[in-house]
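Given next are the chains, with one letter for each unit.
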Amino acid sequence: MGIKGYNVKYLGQDILIGVIIALVSIPISMGYSLVAGLPAIYGLYGSLFPIIFFGLLSTSPRFVFGVDAAPAALVGGMLSTMSIASGSEEAIAIIPVITIIVSAWLLIFYFLKADKLLKFISQPVMGGFITGIGVTIISMQIPKLFGGDAGRGEMIELVIHIVKEMKDGFHVLSFVTGIVTIVIILVMKKLAPKVPMQVIIMGISALLSYFLKLEKYGIKMLPEVSGGLPRLSFPDLTLIPSNYENLLLPSLTIAVVIMSETLLATSNIGLKHDDRIEPGKEVLTYAVCNASSALVGCCPVNGSVSRTGIADQFGVKSQVMSITAGLSMLLILLFGTGFIGYLPVPVLTAIVISALIGTFEFELAARLRKVDKAEFFIFYSAFFAVLLLGTIYGVLIGIVLSAATFIVRQSKPTTALLGVSAADDGFHTIKEGGAYDPIQGVVIYRFTGSLFYATIDQFQENLQQAVTSDTRVIVVDASGIGSIDVTAAERLMLIYKKYKEKGIDFYLAGHVSRVNEELKNFGAKELILSGAVRLRISYALKAAGIEKPYEVVKAEEKDVHPDTKKIAELEWAFGENSEEEYEKESIQSIFTH
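Residues numbered from 1 in each chain as written. Predicted model: local features only at pLDDT ≥ 70, side-chain atom pairs only at ≥ 80, totals over all residues. Heavy atoms only, no water.

Participant: Go over a nonpolar patch on the surface with me, naming the residues and quoting the values.
Facilitator: On the surface, a nonpolar cluster with roughly 780 Å² of combined accessible area is contributed by Ile 200, Ile 204, Leu 207, Leu 208, Tyr 210, Phe 211, Leu 212 and Tyr 342. If you trace the backbone, Leu 212 turns up in helix H9 (residues 197–212). Take Leu 212: its relative accessible area is 48%, and that puts it in the partly exposed class. (Patch = residues over 30% accessible without salt bridge, like charges linked within 9 Å, V, L, I, M, F, W, Y side chains within 5 Å. Areas by Shrake-Rupley, 256 points an atom, 1.4 Å probe, with all protein chains shown as cover. Salt bridge = Lys/Arg side-chain N within 4 Å of Asp/Glu carboxyl O. Helix = DSSP H or I, 4+ residues; strand = E, 2+ residues; numbered from the N terminus. Buried < 20%, exposed > 50% of the residue type's maximum accessible area, 1.4 Å probe, protein only.)

Structure, rendered in structure tokens:
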């Protein structure tokens, strides 16, 4: 749990952050409640029990849950499909039904262990996914900066909506107010990250609204809401039979979005802080939170990237934060709803946007561009998939790209020919002009990766290219082979027999014992019985009658350097840049022994 083994010295800090999250949740939750088609007050209802349950059950110490963009937008789209007017009695009745169905799907995901699928999503996919969500939500919010209404849908729809809202009316003062707020928050985040500028700005803006009547100048305020706790009632399930075609599959989509988006974002922040997350238990937590949201009549709830960014900025340590946020919302509903009507929409929109900017992973993309073009491509593929196609397609495309990358890399194992050096007892890669030379009459071939139907051809071809008329012994350094399949086992037997007929000894050496079990199970037990399987390369060479000092084939005379052993290790560590690195005194001091 997020509060297990809690250090009480962080109690005051986490309580303060919880209050901040509750205050920031007011505009966010109310705004997304309207997007979903509910009255604004339901956003506050959804920020009460679901948040407390999340704080009690989640294994993430610092993630924030609540009414958020993607599920709200999807629910709003469902209402449009069913021709139900936003904010109507019909909408108020059907939305908790949608939420309880989403909860049921999440419970099914928990029992099916569907979270395992997310293991196929790599860090670049995760980064592109989170960044895409951030940009999408910001695009939804942009019209509210200049007096317009929030958008919904994918990027093309959002851009069209922004342009339309600008044509309908661009309120300069609202826009300036929002932009200045974003700049202040981002600058203060750099200069004084522990100062809760979001709350301070909310307080100042509410006071200005009260005394200066900012609405007279055309700046929109949040709608006034009546106080009191939500009424608990079970959703009207009798609405399902007449609407099941419009409810079941779209609700499944929302559940997939909640699970994937929240787990990915939770994993992202968990990696940052080395938190131990239990994905299966998280999915169960999402189901419980959505069930509690349905009981108060709210839309489906989700992990909040923006609010998590704010909590992380202030150094949250545990889910004491979420429990405090839920209890704070309870007090707000009972005693504090009066001030909500004084909160300027552009200011609160700016708070959400500034939090989302902090979740961007463009720095990761910049690093990938320098070191791995394929991963760079995957990052932006996931990013644009979320932007152009939506969250669910972004997840699916990300999984496909990650799986394809995995398959391609598995199909292209790392290989090398190994040699020896008088300055080193080990066997290392032979490079032109390098410190290591091949042993006379011996091919030592290193294969790193799974040996299976897609890689055995390369294995065989590499050996054929390496073997010469002088070759008497082949030793495969199999220390990097973790498994083989039946195709590879059968081919190994053919290779062994082929070279045996030519008078060449063939050995596998250094692999894990599991490979021997697979050799036996797949019909290649003869390799073990004949002694062609050895624990170490040196044992295989000794079995072939080759012992130290090894007779090597020198390609050219090499200058004898007093630090030959050091040079050999530098060559192993830095490859082509070994000579350049040797000139650095700091590197020499590391590789002294």
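Participant: Outline helix H8 (residues 172–191), supporting the account with residue identities and numerical values.
Facilitator: Here H8 is 20 residues long and its end C-alpha atoms lie 28 Å apart, about the 28 Å a rise of 1.5 Å per residue gives. Among the residues of H8, Ser 174, Gly 178, Thr 181, Ile 182 and Ile 185 are the ones counted as buried. Buried residues of H8, viewed axially, fall in a sector of 95 degrees; they line one side. In H8, the exposed positions angled more than 90 degrees off the buried face are occupied by Val 172, Lys 190 and Leu 191. (Expected span 1.5 Å × (residues − 1). Arc of directions from axis to C-beta.)

Participant: Hey, could you go over the side chain of Gln 313 for me, with residue numbers and the actual values?
Facilitator: By the secondary structure assignment, Gln 313 is in helix H12 (residues 305–313). Gln 313 gets classed as buried once you look at its relative accessible area, which sits at 14%. In contact with Gln 313, not counting residues within four places along its chain, are Lys 189, Pro 193, Lys 194 and Gln 198. (Contact = heavy atoms within 4.5 Å.)

Participant: Give a detailed account of the packing of helix H5 (residues 89–112) against helix H11 (residues 279–295), specifying residues and quantitative values.
Facilitator: Each pair of packed helices gets described by two things: the angle between the helix axes and the distance between those axes. H11 packs onto H5 with a crossing angle of 160 degrees between their chain directions and a minimal axis gap of 8 Å. Relative to H11, H5 is oriented roughly antiparallel. H11 is crossed by H5, and the crossing has left-handed handedness. Mapping the contact onto sequence places Pro 96, Thr 99, Ile 100, Val 102, Ser 103, Leu 106, Leu 107, Phe 109 and Tyr 110 in H5 and Gly 280, Val 283, Leu 284, Tyr 286, Ala 287, Asn 290, Ala 291, Ser 293 and Ala 294 in H11. Class assignment for the residues of the contact of H5 with H11 results in 13 nonpolar, 5 polar and no charged. (Axes fitted to C-alpha atoms, helices over the stretch in contact; angles between N-to-C directions. Parallel < 35°, antiparallel > 145°, perpendicular 65-115°, else oblique. Left-handed = near helix turned anticlockwise from the far one by under 90°. Nonpolar A, V, L, I, M, F, W, Y, C, P; charged D, E, K, R; others polar.)

Participant: Go over the nonpolar core, please, and point to the residues and values.
Facilitator: With 103 residues, the main nonpolar core has Ile 26, Tyr 32, Leu 44 and Leu 106 as its most contacted residues. Setting aside residues no more than four positions away along its own chain, Tyr 32 makes contact with Val 67, Asp 68, Ala 69, Ala 72, Ile 137, Gln 141 and Val 352. Grouped together as the second largest cluster of nonpolar side chains are 30 residues, Phe 447, Leu 492, Leu 508 and Ala 524 included. (Core = buried A, V, L, I, M, F, W, Y, C linked by side-chain atoms within 4.5 Å.)

Participant: Account for the pairing of strand E7 (residues 505–509), naming residues and giving values.
Facilitator: E7 sits mainly inside the fold: 4 of its 5 residues count as buried. Here strand E6 (residues 473–480) runs beside E7; their pairing, made up of 5 bridges, is parallel. Bridging across to E7, Val 475 finds its partner in Tyr 507. Here 2 bridges tie E7 to strand E8 (residues 533–534), and the two strands are oriented parallel to one another. (Pairing = 2+ DSSP bridges.)

Remember that the coordinates give geometry; whether it matters functionally is a separate question.
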